[in-house]
Amino acid sequence: MNRPFYPEKIIETIPVLLPFLSVTFEILLGTVIVGFAFGFLLAKGQLRSNKVAKAASSFVINAFRCTPSIVMLFVVFYGLPVLFWSLFKMDINNWSKAIYVVFALGLLFSASAAEIMRSSYLSVSKGQREAALTSGLTEVQAFTKIILPQAFLVSLPNLGNSFIALLKEGSLAYTIGLIDLMGKGNLLIAMNFGGYAIETYISQAIIYWVLTILIEQIFRFVEKKFSKGRVSV
C-alpha cells in the first residue's frame with residue numbers, strides 16, 4: 001500500500017533526533033582517540049628500518065582497510081566477549097554497546113590514521129630535521145617544534161575527509177542496538193509501524209548533511225589558520 005508523504009513531518013522529526021547527536025559525537029570522539037593510538041603504533045612500525053616490524057604493520061593496515069565496517073563491528077561485538085572469556089574468564093557482555101562500536105571503528109580508522117601520519121611525516125624534508133639537530137635541538141624538540149607542525153598542516157585535508165567518513169560509519173551502531181541518531185530514527189519508524197519512514201530518513205540525511213558541512217568548514221578554518229606565516233622550504 002502506498003503511504004502519503006508528509007513534508008511537515010521532516011521538520012517535526014528533526015528536534016526529536018537532535019538530542020541523540022550526543023551519542024553520535026561520543027562515538028566519533030572515542031573512535032578518533034582509539035584510531036590515533038593504534039594508528040601511531042602502525043605508522044611507527046612502517047617507518048622503522050626493521051623489515052619484520054614494517055611487514056607486520058603493512059599487513060595489519062591492509063587487513064583493516066580491506067574489512068567492511070559492518071563486518072568488523074560484528075566481529076568485535078560477537079567475538080570480543082568470547083575472547084575475554086577464553087583468556088581471562090571475564091564476562092563483558094554487560095559492557096556498553098558504545099565500547100564495541102568505538103573499538104571496532106577505531107581499529108578500522110587506525111589504518112587510515114597510520115597512512116595519514118606516515119605520508120605527512122615523510123612530506124617534511126629530512127634536511128629540516130638534520131638542521132634542527134645541528135642547531136642544538138633534541139630529537140623530541142626537533143619533532144614537536146619543526147616536523148609536527150608541518151606534518152599536521154599537510155594531514156588536515158585527509159583528516160577532514162576521514163572525520164566525515166567516521167561520522168557516517170558511526171551510523172552502523174544501530175545494527176547492534178545502540179540508540180544514536182540512526183537508532184532513534186529506526187525506533188520512531190517502528191513506533192509508527194513503518195509510517196513516516198521516508199520523512200524520518202530525510203530528517204536524518206539533513207542532519208548528517210549539515211554536520212558534514214560544519215566539519216568541512218572547521219577543517220578549512222584550521223588549515224587557513226595554520227597556513228598563515230608558513231614559509232615553504
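Since this is a predicted model, take the numbers as computed values, not measurements.

**Q** Sorry if this is basic, but what is going on with helix H4 (residues 69-88) here?
**A** Within an α-helix, residues lying three or four positions from one another point in the same direction, as the helix has 3.6 residues per turn. Compared with the 28 Å implied by 1.5 Å per residue over 20 residues, the 27 Å span of H4 between its first and last C-alpha is a close match. Along its length, H4 shows its largest kink, about 40 degrees, at Gly 79, and proline Pro 81 lies within four residues downstream of that point. Those residues of H4 that fall on the buried side of the exposure criterion are Ser 69, Met 72, Leu 73, Val 76, Phe 77, Leu 80, Pro 81 and Phe 84. In this structure, the buried side of H4 is in contact with helix H3 (51-65), helix H5 (97-123) and helix H7 (139-169). The first or second residue beyond H4 is Lys 89, which carries a positive phi of 55 degrees.

**Q** Looking at this structure, how should I read the environment of Tyr 208?
**A** By the element assignment, Tyr 208 lies in helix H9 (residues 197-227). For the pair Tyr 208 and Ser 171, spaced 37 residues apart in sequence, the C-alpha to C-alpha distance is 9.9 Å. Once residues lying within four places of it in the same chain are set aside, the contact partners of Tyr 208 are Leu 167, Ser 171, Leu 181 and Met 182.

**Q** Where do I start with the packing of aromatic side chains in this structure?
**A** Aromatic rings in a pair are described by how distant their centres are and how their planes are angled relative to each other. Following the criterion strictly, the structure yields ten aromatic pairs and no others. Ring centres 5.0 Å apart and planes at 70 degrees place the aromatic pair Phe 77 and Tyr 78 in the edge-to-face group. Taking the centre distance of 6.5 Å and the plane angle of 40 degrees together, the rings of Tyr 121 and Phe 143 count as tilted. Note that Tyr 121 is positioned in helix H5 and Phe 143 in helix H7, a separation of 22 residues in sequence. Phe 143 gets classed as partly exposed once you look at its relative accessible area, which sits at 34%. Among the aromatic residues, those joined into a ring-pair cluster are Phe 74, Phe 77, Tyr 78 and Tyr 100. In this structure, Lys 9 packs its charged tip against the face of Tyr 196, placed 4.6 Å from the ring centre.

**Q** Which parts of the structure should I look at to understand the layout of surface pockets?
**A** Take a probe with the size of a water molecule and roll it over the atoms, and the empty space left behind shows itself. Taken as a whole, the largest pocket spans an internal volume of roughly 610 Å³. What lines the largest pocket is a set of 20 residues, among which Phe 40, Met 117, Tyr 121, Phe 143 and Leu 148 lie closest to the centre. Of all the secondary structure elements, the ones that give two or more residues to the lining of the largest pocket are helix H2 (21-47), H5 and H7. In terms of residues, the lining of the largest pocket owes the most to one element, H7, which gives nine residues. Partitioning the lining of the largest pocket into residue classes produces 14 nonpolar, two polar and four charged.

**Q** Help me understand unusual backbone geometry in this model?
**A** Note: most residues except glycine have negative phi, and most peptide bonds are trans. For Phe 193, which is not glycine, the phi dihedral falls at a positive 55 degrees. In the Ramachandran plot, Tyr 196 falls in the positive-phi region, its phi being about 55 degrees despite a non-glycine side chain. Note on placement: Tyr 196 falls in the loop between helix H8 (181-191) and H9.

**Q** Would you take a moment to explain the side chain of Thr 31 for this structure?
**A** Along the chain, Thr 31 falls in helix H2. Apart from the residues lying within four places of it in its own chain, the contact partners of Thr 31 are Val 102, Leu 105, Gly 106, Phe 109 and Leu 166.

**Q** How should I be thinking about a nonpolar patch on the surface in this particular structure?
**A** A cluster of nonpolar side chains, Ile 206, Trp 209, Val 210, Ile 213, Leu 214 and Ile 218, forms an exposed patch at the surface whose accessible area comes to about 550 Å². Positionally, Val 210 belongs in helix H9. For Val 210, a relative accessible area of 38% translates into the label partly exposed.

**Q** Help me understand H7 in this model?
**A** Its 31 residues give H7 an end-to-end C-alpha distance of only 37 Å, which falls more than 12% under 45 Å, the value for a rise of 1.5 Å per residue. The sharpest bend along H7 comes to roughly 45 degrees, located at Leu 156, with the proline Pro 157 sitting one to four residues further on.

**Q** Would you take a moment to explain the packing of H8 against H9 for this structure?
**A** Geometry of a packed helix pair, given as the angle between the helix axes and the separation of the axes. Remark: H8 packs on H9, axes separated minimally by 9 Å, with the N-to-C direction vectors making an angle of 165 degrees. Relative to H9, H8 is oriented roughly antiparallel. Like other packed secondary-structure pairs, H8 and H9 cross with a definite hand, here right-handed. Listed contacts from H9 to Leu 181, Met 182, Gly 185, Asn 186 and Ile 189 of H8 are Ala 197, Thr 200, Tyr 201, Gln 204, Ile 207 and Tyr 208. Of the residues assigned to the contact of H8 with H9, the class counts are seven nonpolar, four polar and no charged.

Cut-offs and rules
- Residues numbered from 1 in each chain as written.
- Predicted model: local features only at pLDDT ≥ 70, side-chain atom pairs only at ≥ 80, totals over all residues.
- Heavy atoms only, no water.
- Helix = DSSP H or I, 4+ residues; strand = E, 2+ residues; numbered from the N terminus.
- Expected span 1.5 Å × (residues − 1).
- Bend = angle between axes of the 7 residues up to and from the residue.
- Buried < 20%, exposed > 50% of the residue type's maximum accessible area, 1.4 Å probe, protein only.
- Contact = heavy atoms within 4.5 Å.
- Phe/Tyr/Trp six-rings, centres within 6.5 Å; stacked < 30°, edge-to-face > 60°.
- Lys NZ or Arg CZ within 6 Å of the ring centre and 35° of its normal.
- 1 Å grid on protein atoms, 1.4 Å probe; cavity = no way out; pocket = protein on both sides within 12 Å on 5 of 7 lines; lining within 4 Å.
- Points joined across faces, edges and corners; volume = space filled by probe spheres on them.
- Nonpolar A, V, L, I, M, F, W, Y, C, P; charged D, E, K, R; others polar.
- Patch = residues over 30% accessible without salt bridge, like charges linked within 9 Å, V, L, I, M, F, W, Y side chains within 5 Å.
- Areas by Shrake-Rupley, 256 points an atom, 1.4 Å probe, with all protein chains shown as cover.
- Salt bridge = Lys/Arg side-chain N within 4 Å of Asp/Glu carboxyl O.
- Axes fitted to C-alpha atoms, helices over the stretch in contact; angles between N-to-C directions.
- Parallel < 35°, antiparallel > 145°, perpendicular 65-115°, else oblique.
- Left-handed = near helix turned anticlockwise from the far one by under 90°.

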